[in-house]
Amino acid sequence: MCRWAAYTGAPLFLSDMIAEPKHSLVNQSLSAEECKTAVNADGFGLAWYAHRPEPGLFRDVYPAWSDPSLQSIARQVKSGMFLVHVRASTETATSRNNCHPFALGRWSFMHNGQVGGFGSFRKKADMLITDALYEHRKGATDSETLFLLAAGAGLDTDPQRALEHAVHQLETLSMRHGTAPHMRLSVAFSDGKTLYAARYASDDKSPSLYYRWKENWQGWAIVSEPFDDQHDGWTAVPPGTFCSFGPDGVRTASFQPRRFGDPTYSAAGSPDSLELV
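Residues numbered from 1 in each chain as written. Predicted model: local features only at pLDDT ≥ 70, side-chain atom pairs only at ≥ 80, totals over all residues. Heavy atoms only, no water.

Asks: What's the story with the overall build of the chain in this structure? I'm lost.
Replies: Counting its regular elements, the chain contains seven helices and 14 strands. For the chain, the proportion of its 277 residues judged to be buried stands at 55%. When contacts within the chain are restricted to residue pairs at least 6 apart in sequence, long-range pairs at least 24 apart make up 65% of them. (Helix = DSSP H or I, 4+ residues; strand = E, 2+ residues; numbered from the N terminus. Buried < 20%, exposed > 50% of the residue type's maximum accessible area, 1.4 Å probe, protein only. Contact = heavy atoms within 4.5 Å.)

Asks: Hey, could you run me through the sheet that holds strand S10 (residues 219-223) in this one?
Replies: Sheet strands pair by backbone hydrogen bonding; their relative direction is either parallel or antiparallel. Across the sheet, which stays open at both edges, the seven strands sit in the order S3-S2-S4-S1-S10-S9-S11 with antiparallel pairing between neighbours. Each of the sheet's edge strands pairs with one partner strand only, and the pair in question is strand S3 (56-60) and strand S11 (235-236). Sheet analysis places strand S2 (residues 44-49) next to S3, joined by five bridges and oriented antiparallel. Across the sheet, the residue bridging to Leu-46 is Phe-58, located in S3. (Pairing = 2+ DSSP bridges.)

Asks: Just to check I follow, could you spell out the packing of aromatic side chains for this structure?
Replies: The geometry of an aromatic ring pair is captured by two quantities: the separation of the ring centres and the angle between the planes. Counted by the stated rule, this structure contains 19 aromatic pairs. With a centroid separation of 5.2 Å and 25 degrees between ring planes, the pair formed by Phe-189 and Tyr-196 is classed as stacked. Just as Phe-189 is buried, Tyr-196 falls in that class too. Relative to Phe-255, the ring of Tyr-200 lies with its centre 5.8 Å away and its plane at 75 degrees, an arrangement referred to as edge-to-face. Of this pair, Tyr-200 sits in strand S8 (residues 195-201) while Phe-255 sits in the loop between strand S13 (249-254) and strand S14 (273-275), placing them 55 residues apart in sequence. Classification of Phe-255 as buried rests on a relative accessible area of 3%. Aromatic rings pair up to connect Trp-107, Phe-109, Phe-147, Phe-189, Tyr-196, Tyr-200, Phe-242 and Phe-255 into one cluster. Above the plane of the ring of Trp-217 lies Lys-214, whose end atom (NZ or CZ) is 4.8 Å from the centre. (Phe/Tyr/Trp six-rings, centres within 6.5 Å; stacked < 30°, edge-to-face > 60°. Lys NZ or Arg CZ within 6 Å of the ring centre and 35° of its normal.)

Asks: Could you clarify how one ought to interpret the pattern of salt bridges in this entry?
Replies: Side-chain pairs of opposite charge can arise where the charged atoms are in close proximity. Enumeration according to the criterion identifies eleven salt bridges in this entry. Notably, a salt bridge pairs Lys-205 with Asp-204, separated by 3.4 Å at the nearest N-O pair. In this structure Asp-204 comes out as exposed when scored by relative accessible area, which is 67%. Arg-251 is paired through a salt bridge with Asp-248; the nearest N and O atoms lie 3.3 Å apart. Given the relative accessible area of 34%, Arg-251 is considered partly exposed. Salt bridges sharing partners connect three or more residues here, namely Arg-122, Asp-126, Arg-137 and Glu-144. (Salt bridge = Lys/Arg side-chain N within 4 Å of Asp/Glu carboxyl O.)

Asks: I would appreciate a short explanation of the nonpolar core in the present structure.
Replies: Nonpolar side chains in soluble globular proteins tend to end up buried together. Counting residues in each nonpolar core, the largest one holds 31 residues, and the members touching the most others are Leu-146, Leu-163 and Phe-189. Where this core is concerned, the elements lending two or more residues are strand S5 (102-104), strand S6 (107-114), helix H4 (118-126), helix H6 (142-152), helix H7 (159-177), strand S7 (184-190) and S8. If one sorts the elements of this core by residue count, H7 sits on top with six residues. For Leu-163, the contacting residues outside a window of four places in its chain are Phe-109, Leu-146, Ala-150, Val-187, Phe-189, Ala-198, Phe-242 and Phe-255. One finds Tyr-7, Trp-48, Val-86 and Trp-234 within the second-largest nonpolar core, a separate group that totals 25 residues. (Core = buried A, V, L, I, M, F, W, Y, C linked by side-chain atoms within 4.5 Å.)

Asks: Teacher, can you tell me more about the pairing of S10 here?
Replies: Here is the key point about a regular strand: its side chains alternate between the two faces of the sheet. For S10, a buried count of five out of five residues is recorded, marking the element as mostly surrounded by other parts of the structure. Summarising the sheet, strand S1 (residues 3-13) and S10 pair through five bridges and their orientation is antiparallel. Bridged to Tyr-7 within S10 is Ala-221. Of the strand pairs in this sheet, strand S9 (residues 210-214) and S10 are connected by five bridges, and their pairing is antiparallel. Within S10, the residue paired with Tyr-210 across the bridge is Val-223.

Asks: What is the right way to look at the pairing of S6 in this model?
Replies: Across the eight residues of S6, eight count as buried, placing the element largely inside the fold. Burial of S6 is two-sided: the residues Trp-107, Phe-109, His-111 and Gly-113 facing one way and the residues Ser-108, Met-110, Asn-112 and Gln-114 facing the other way are all buried. Remark: two residues form the turn of the hairpin made by S5 and S6, two consecutive strands paired antiparallel; Gly-105 in that turn has positive phi of roughly 60 degrees. Both S6 and S7 contribute to a ladder of seven bridges, which runs antiparallel. Bridged to His-111 within S7 is Val-187.

Set out below in structure tokens:
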């Protein structure tokens, strides 16, 4: 399992969120508390938005806690939208191409979780990626396949439905050809304007996901686990939830990948709640 953190709001130095707090993401790379793998040493990556529509991307294979380049960049880069990930590999090699976040055009994407038995049906999964997008398949992870499947299913027009469709495709393949747990997922992704996140699992062990409004930053923090000692002020995202973070607050909706296997389903779900700041 991996750990990640994302932010949207007033421009913020990346280090203020991912390095300075007591239980920051950099510290979680060495001592995470809410996942079965406390050490996340198989690389890291960050994507940030600034002066161009597409994100800047920096990834490497070193542990986050020991890489001076990460510390230096985080202290210098200021952004109103960024995603940062520390990786604990499950089945695939430690390489830059397997490090999150992944980027495609203006989209960036990162994932914590697993698709059960992915190695045994990877070829079948990759064949579901459209020809137009397959050239962007650089690594070997289930996460990158998930991203490209979502991109092919309409991220540009309906991000929630596109992700639900992609999750449904991989969950179905795992049920047919893989092993349990078939799908465990917490994701964050962005087009540079809106930050999206989701939590889901085919069993009762969804990866943790939290968010909170930071008044002193004037922005939203979305994380795998809180970066401070107390959970006061953090909202735990329930399993089966899709979130959208923007200037008007956070919107949450029911996240239902299995709707695509239900012939009676015909329309996308509407937001269940709206929280304003």
